[in-house]
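A structural walkthrough
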Amino acid sequence: MVAKGKISNYWWCQIAGWGVVSLSFLFYANFVKEDINVDYLLKVIFIVASGLISTHLLRWFMKRYHWLLLPVEKIIFRLAIAVIVTCLVFSALVLLLNQVAGLTENRRNLDLLTRLFANSINWVFFIIPWVLFYYFYHYLVKSRKQQLDTLKLETLVRELELKTIKAHINPHFIFNALNSIRALIDEDPNRARNAVTHLSNILRSSMQAEKLETVPLEKELNIVKDYLELEYIRFEDRLKIEYHINDETLAQPVPPMMLQTLVENAIKHGIGKQLHGGVVKVTSDFTNDYHQLMVQNSGHLNGHANSDGFGLSSTRNRLDLMFGGKAMFDIAQDGELVVAKVLIPKT
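Residues numbered from 1 in each chain as written. Predicted model: local features only at pLDDT ≥ 70, side-chain atom pairs only at ≥ 80, totals over all residues. Heavy atoms only, no water.

In terms of regular secondary structure, the protein chain is built from 10 helices and seven strands. Here the contacts in the protein chain between residues at least 6 apart in sequence split such that 74% fall between residues at least 24 apart. In the form shown here, the protein chain has an accessible surface area of approximately 20600 Å², with 61% of it arising from carbon and sulfur atoms. (Helix = DSSP H or I, 4+ residues; strand = E, 2+ residues; numbered from the N terminus. Contact = heavy atoms within 4.5 Å. Areas by Shrake-Rupley, 256 points an atom, 1.4 Å probe, with all protein chains shown as cover.)

Here it is in structure tokens:
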């Protein structure tokens, strides 16, 4: 949208382009052909005016029928026809203006139709560059806009995917936690209060996860500890917890709620299915140029729940979206333990 009273870029280009044409005619007359007189100036003015009118009509036609939206292969023939028609219009306007002004022409011994086509050939050298410049300028602008729109769309899709993934909280965990807290209220009120604190920390972190791309491992680890404290209420001595954390990794950025998701998966599909419970080990260390996170749990990989569930697929998707293939995730059986391993480029 051009502000009222402001000349658009199109008209600046028209004025500049046809201004150059008029100067070239004047230069030719002054140094090559003849002296500049009033008749010659009028002819130049008529040429420029006819050029402006005919090309502006062509522009209107191209916009009216949406030629600028067509791909190159579908518009080449149309542009060729448009050049011919525009040259004829250009020539007709020049002849008409010269006739009205009473100016003589070099081809006055020829009939009108012959002069029309003969002059049209001259104007081809002005119209073809105009058409090529106008169309391909808009073609490049359109291509650039499409690229920007594509990038914006990809960014929007990425943000929506991340929000969808990060918004996931297993409702069964919340129900189990509330049931455990209810059982503790009469039996051990202090422990029940602590359990409520653990649950509120987890819920608060899950809501904040939508706003954050990454969090320090230390913060994520605190949520994992809150989660495992709640699960310990349910499993009691059936659940053993081990932490092997390199303190230097605590400041490393990790996707929020990712480690908690892996631990939750270890409890749900590992410890929860073992008659005598088992162990959950959380490990964080550096290996080569990567920050390595591991969650190990007693159990066996035995179907879709372990390998293709939402929690694990969301972990893969988040890592792919956030690190563009530079991060890695794997889950495998190692003896009596299931090992979920994440490698994130070290910062």
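Looking now at the sheet that holds strand β4 (residues 278-287). Picture the strands of a sheet paired through backbone hydrogen bonds; they go either parallel or antiparallel. Pairing is mixed across the open sheet formed by five strands, whose spatial order is β2-β4-β5-β7-β6. Pairing within the sheet leaves two strands with one partner each, and these edge strands are β2 (239-245) and β6 (328-334). Between one strand axis and the next, the sheet turns by 15 degrees as a mean value, whatever way the strands run. In terms of strand pairing, strand β5 (residues 290-298) meets strand β7 (residues 337-345) through nine bridges, oriented antiparallel. Residue pairing for β7: N297 is matched across the bridge by V338. Across the sheet, helix α7 (residues 217-235) is in contact with β2, β4 and β5; its angle to β2 comes to roughly 165 degrees. (Pairing = 2+ DSSP bridges. Axes fitted to C-alpha atoms, helices over the stretch in contact; angles between N-to-C directions.)

The terminal C-alpha atoms of helix α3 (residues 72-101) lie 42 Å apart, and with 30 residues this matches the ideal 44 Å at 1.5 Å per residue to within 8%. For α3, the complete set of buried residues consists of I75, L79, A82, V83, T86, C87, F90, S91, V94, L95 and N98. Looking one or two residues past α3, G102 carries a phi angle of roughly 75 degrees, positive in sign. (Expected span 1.5 Å × (residues − 1). Buried < 20%, exposed > 50% of the residue type's maximum accessible area, 1.4 Å probe, protein only.)

On to the nonpolar core. Counting residues in each nonpolar core, the largest one holds 43 residues, and the members touching the most others are V263, I267, V280, L319, F329 and V342. In terms of residue count, the dominant contributor to this core is α7 (nine residues). Among residues more than four places away in sequence, those in contact with V342 are M258, L262, H291, Q292, L293, L319, M328 and F329. Counting 26 residues, the second-largest nonpolar core is a separate cluster that includes A82, I127, W130 and Y135. (Core = buried A, V, L, I, M, F, W, Y, C linked by side-chain atoms within 4.5 Å.)

Next up on the list: the pattern of salt bridges. Across all of its chains, the model carries two salt bridges by this definition. The closest approach of N and O atoms between R191 and E236, which form a salt bridge, is 3.9 Å. Note that R191 is positioned in helix α6 (residues 189-209) and E236 in the loop between α7 and β2, a separation of 45 residues in sequence. E231 is paired through a salt bridge with R234; the nearest N and O atoms lie 3.2 Å apart. Linking E231 with R234, this pair stays in helix α7, spanning three residues, or about one helical turn. Taking relative accessible area as the criterion, R234 reaches 37% and is therefore assigned partly exposed. (Salt bridge = Lys/Arg side-chain N within 4 Å of Asp/Glu carboxyl O.)

Located in the positive-phi region is H66, a residue other than glycine, with phi close to 55 degrees. On the secondary structure map, H66 appears in the loop between α2 (38-64) and α3. Phi angles above zero are rare outside glycine, and E236 is one such case at about 55 degrees. Owing to a relative accessible area of 35%, E236 belongs among the partly exposed residues under this scheme.

With that out of the way, let us pick up the environment of V339. For V339, the position within the fold is in strand β7. Under the relative-accessibility criterion, V339 is labelled buried at 10%. Distance from V339 to S298, taken between C-alpha atoms, is 9.1 Å for residues 41 residues apart in sequence.

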